[in-house]
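Below are the chains, spelled out letter by letter.
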Amino acid sequence: MDVLALQALKKEINKDFDNVKDLKTLDELRVKYLSKKGIITELNSKIKEIPNEEKKDYGMKVNEVRSYFNDKYESLKTTLEKEALEMKLAKEKIDLTLPSVKFKTGSPNILEKLIEEVEELLISMGYDVLDGPEVEEDKYNFEMLNLPKGHPARDAQDTFYLENEELLLRSQTSPVQVRAMLAKGGVEPIRMICPGKTYRRDDDDATHSHQFMQIEGLVVDKNISLSDLKGTIDLIVKRLFGDDTITRFRPSYYPFTEPSVEVDISCFKCKGEGCNICKNTGFITVAGAGIVHPHVLEMAGYDPKEWTGFAFGFGADRLAMLKYGINDVRVFYNTDLRETKEFDRVEE
Ligand code: DAH
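What you see is a predicted model; the values in this text were computed from it and never measured. (Residues numbered from 1 in each chain as written. Predicted model: local features only at pLDDT ≥ 70, side-chain atom pairs only at ≥ 80, totals over all residues. Heavy atoms only, no water.)

### Quick notes on the sheet that holds strand β7 (residues 257-266)
Line of reasoning, step 1. One open sheet accounts for seven strands, arranged β1-β4-β5-β9-β8-β7-β6; its pairing is mixed. The sheet is open, and its two edges are formed by β1 (128-129) and β6 (247-254), each paired on a single side.
Line of reasoning, step 2. Helix α5 (residues 110-124) rests against β1, β4 (190-199), β5 (211-221) and β9 (308-315) of the sheet, and its axis sits at about 5 degrees to β5.
Line of reasoning, step 3. Lying over the sheet, helix α8 (residues 226-241) contacts β6, β7, β8 (283-292) and β9, oriented at roughly 30 degrees with respect to β9. (Pairing = 2+ DSSP bridges. Helix = DSSP H or I, 4+ residues; strand = E, 2+ residues; numbered from the N terminus. Contact = heavy atoms within 4.5 Å. Axes fitted to C-alpha atoms, helices over the stretch in contact; angles between N-to-C directions.)

Listed below in structure tokens is the structure:
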């Protein structure tokens, strides 16, 4: 290879490098010059054919052109890689000062929130939180609660029966009382609440739902009196509706308690003055309660001469509607987020 040929080759290399636009076209040059069949590689292999005395000079020239190429190649490669990286970074740049997209987050169902509030209070007083089956036996839902077959008070609870008359969707959470007593075997005291779903054959409207929630409570011990019941209920309603809430007991009837009471609380809105929430009575009914009927204790294995107890059952939906000013019970069971946005305004 003479000097002219060397210069021509360098020129070609220069021209080729001028046309390189990106890493891909740069790599095409590497192939053109340095691959197995590349121009420089071929020049190198031709050294065999060169007469011995010219070999040294020829080899130097080939090396020179190879370094010439390599230097250009490396320096352009570095530049192009830097440019590519900068472009990528520019594309991926995040402007942290831009306002973010607002994501709709869920909010807890306020019925659950209210139940948790009651649970928290009663757990702190040593109560257990129990669960019971929603598909319940007639025996627990009625018979062992002093409601034998044919008892007129059964009619008050329009019950969903399943396959046969022995199996039903529980119409109240009171059967969990029976289960709790049986589990303790008549020898241990009990302090429990069992919030849960209940079912009755009601037509669904703003104040009725075929499915609703109750918060049941049961205490069985020695020397339990009505004032223990009142003190406990008082604490619960004060926690939910404020310390100035007054609890009032009215005589009532439940087959599983004797005496039985209806629990009223002073209206938290008008403070007893009379308004649309309390229908001008100043009081709102929130629960049924009473002293556990001796026969109920006995059927569940507790000796009524030794043990006494109290029980209560709050309507949880009603409590939540009152507390949060909701006038349609159906929103609690609605999964449409547009409807349940009512819950969002309830502060954490
Ligand atoms: N189970 C009753 C109902 O659904 C409510 C109730 C009343 C529960 C008195 C009780 C109680 O535990 O002692 O109407």
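### Considering the pattern of salt bridges
Line of reasoning, step 1. Scanning all chains against the criterion turns up 20 salt bridges.
Line of reasoning, step 2. Here lysine 61 makes a salt bridge to aspartate 57, at a shortest N to O gap of 2.9 Å. Of the two residues, lysine 61 and aspartate 57 both sit in helix α4 (residues 52-91), four residues apart, roughly one turn of that helix.
Line of reasoning, step 3. For lysine 61, a relative accessible area of 12% gives the class buried.
Line of reasoning, step 4. On the basis of relative accessible area, aspartate 57 is assigned to the partly exposed category, the value being 41%.
Line of reasoning, step 5. Its salt-bridge partner being lysine 149, residue glutamate 143 comes within 2.8 Å of it at the nearest N-O pair.
Line of reasoning, step 6. A relative accessible area of 45% means that lysine 149 is categorised as partly exposed. (Salt bridge = Lys/Arg side-chain N within 4 Å of Asp/Glu carboxyl O. Buried < 20%, exposed > 50% of the residue type's maximum accessible area, 1.4 Å probe, protein only.)

### Focus on the site of the ligand
Line of reasoning, step 1. Around the ligand, 16 residues are found, and the nearest of them are Gln172, Gln177, Arg200, Gln214 and Glu216.
Line of reasoning, step 2. Within the side chain of glutamine 177, one N or O atom sits 2.9 Å away from an oxygen atom of the ligand.
Line of reasoning, step 3. Protein burial of the ligand: of its 350 Å² of free accessible surface, 93% is covered by the chains.
Line of reasoning, step 4. Residue assignment for the shell around the ligand shows that the elements contributing at least two residues are β5, β8 and β9.
Line of reasoning, step 5. Here the residues of the shell around the ligand sort into five nonpolar, nine polar and two charged. (Near = heavy atom within 4 Å. Polar contact = N/O pair within 3.5 Å; in protein donor to acceptor, adjacent residues only side chain to side chain. Areas by Shrake-Rupley, 256 points an atom, 1.4 Å probe, with all protein chains shown as cover. Nonpolar A, V, L, I, M, F, W, Y, C, P; charged D, E, K, R; others polar.)

### Here's the deal with the nonpolar core
Line of reasoning, step 1. Membership of the largest hydrophobic core comes to 46 residues, with the highest contact counts inside it found for Val286, Phe312, Phe314 and Phe332.
Line of reasoning, step 2. Elements with a contribution of two residues or more to this core: α5, β5, α8, β7, β8, β9 and α10 (316-324).
Line of reasoning, step 3. Here the element with the most residues in this core is α5; it accounts for seven residues.
Line of reasoning, step 4. Counting 23 residues, the second largest nonpolar core, distinct from the first, contains Met144, Val178, Ile190 and Ala300. (Core = buried A, V, L, I, M, F, W, Y, C linked by side-chain atoms within 4.5 Å.)

### Overview of the packing of helix α2 (residues 23-34) against α4
Line of reasoning, step 1. Their axes nearest at 10 Å, the elements α2 and α4 cross at an angle of 165 degrees. The orientation of α2 relative to α4 falls into the category roughly antiparallel. Our pair here, α2 against α4, has a crossing hand that is left-handed. Within the contact between the two elements, α2 uses Leu23, Leu26, Asp27, Leu29, Arg30, Tyr33 and Leu34 and α4 uses Arg66, Phe69, Asn70, Tyr73, Leu76, Lys77, Leu80 and Glu81.
Line of reasoning, step 2. Across the contact of α2 with α4, the residue classes break down as nine nonpolar, one polar and five charged. (Parallel < 35°, antiparallel > 145°, perpendicular 65-115°, else oblique. Left-handed = near helix turned anticlockwise from the far one by under 90°.)

### Side note on the packing of aromatic side chains
To describe a pair of aromatic rings, one takes the distance between the centres and the angle between the planes.
Line of reasoning, step 1. The tally for this structure, following the rule as stated, stands at nine aromatic pairs.
Line of reasoning, step 2. Considering the side-chain rings of tyrosine 33 and phenylalanine 69, the 5.0 Å spacing of their centres and the 40 degrees angle between planes classify their relative orientation as tilted. With a gap of 36 residues between them, tyrosine 33 in helix α2 and phenylalanine 69 in helix α4 connect regions that are remote in the sequence. Taken individually, tyrosine 33 and phenylalanine 69 each receive the classification buried, so the pair is uniform in this respect. (Phe/Tyr/Trp six-rings, centres within 6.5 Å; stacked < 30°, edge-to-face > 60°.)

### Some thoughts on helix α1 (residues 3-18)
Line of reasoning, step 1. Under the 1.5 Å per step criterion, the end-to-end length of α1 is 22 Å for 16 residues, consistent within 8% with the ideal 22 Å.
Line of reasoning, step 2. Restricting attention to buried positions, one finds in α1 the residues Leu6, Leu9, Lys10, Ile13, Asp16 and Phe17. Along the axis of α1, the buried positions cluster into a sector of 120 degrees, meaning they face one direction only. Opposite the buried face of α1, at more than 90 degrees from it, the exposed residues are Leu4, Lys11, Lys15 and Asp18.
Line of reasoning, step 3. Packing partners of the buried residues in α1 comprise α2, α3 (39-45) and α4. (Expected span 1.5 Å × (residues − 1). Arc of directions from axis to C-beta.)

### Focus: the environment of tyrosine 161
Line of reasoning, step 1. With respect to the helices and strands, tyrosine 161 occurs in the loop between α6 (138-141) and β3 (167-169).
Line of reasoning, step 2. Under the relative-accessibility criterion, tyrosine 161 is labelled partly exposed at 32%.
Line of reasoning, step 3. For the pair formed by tyrosine 161 and valine 135, sequence separation is 26 residues and the distance between their alpha carbons is 9.4 Å.
Line of reasoning, step 4. The residues contacting tyrosine 161, other than those within four sequence positions of it, are Asp138, Phe142, Arg154, Leu167 and Leu168.

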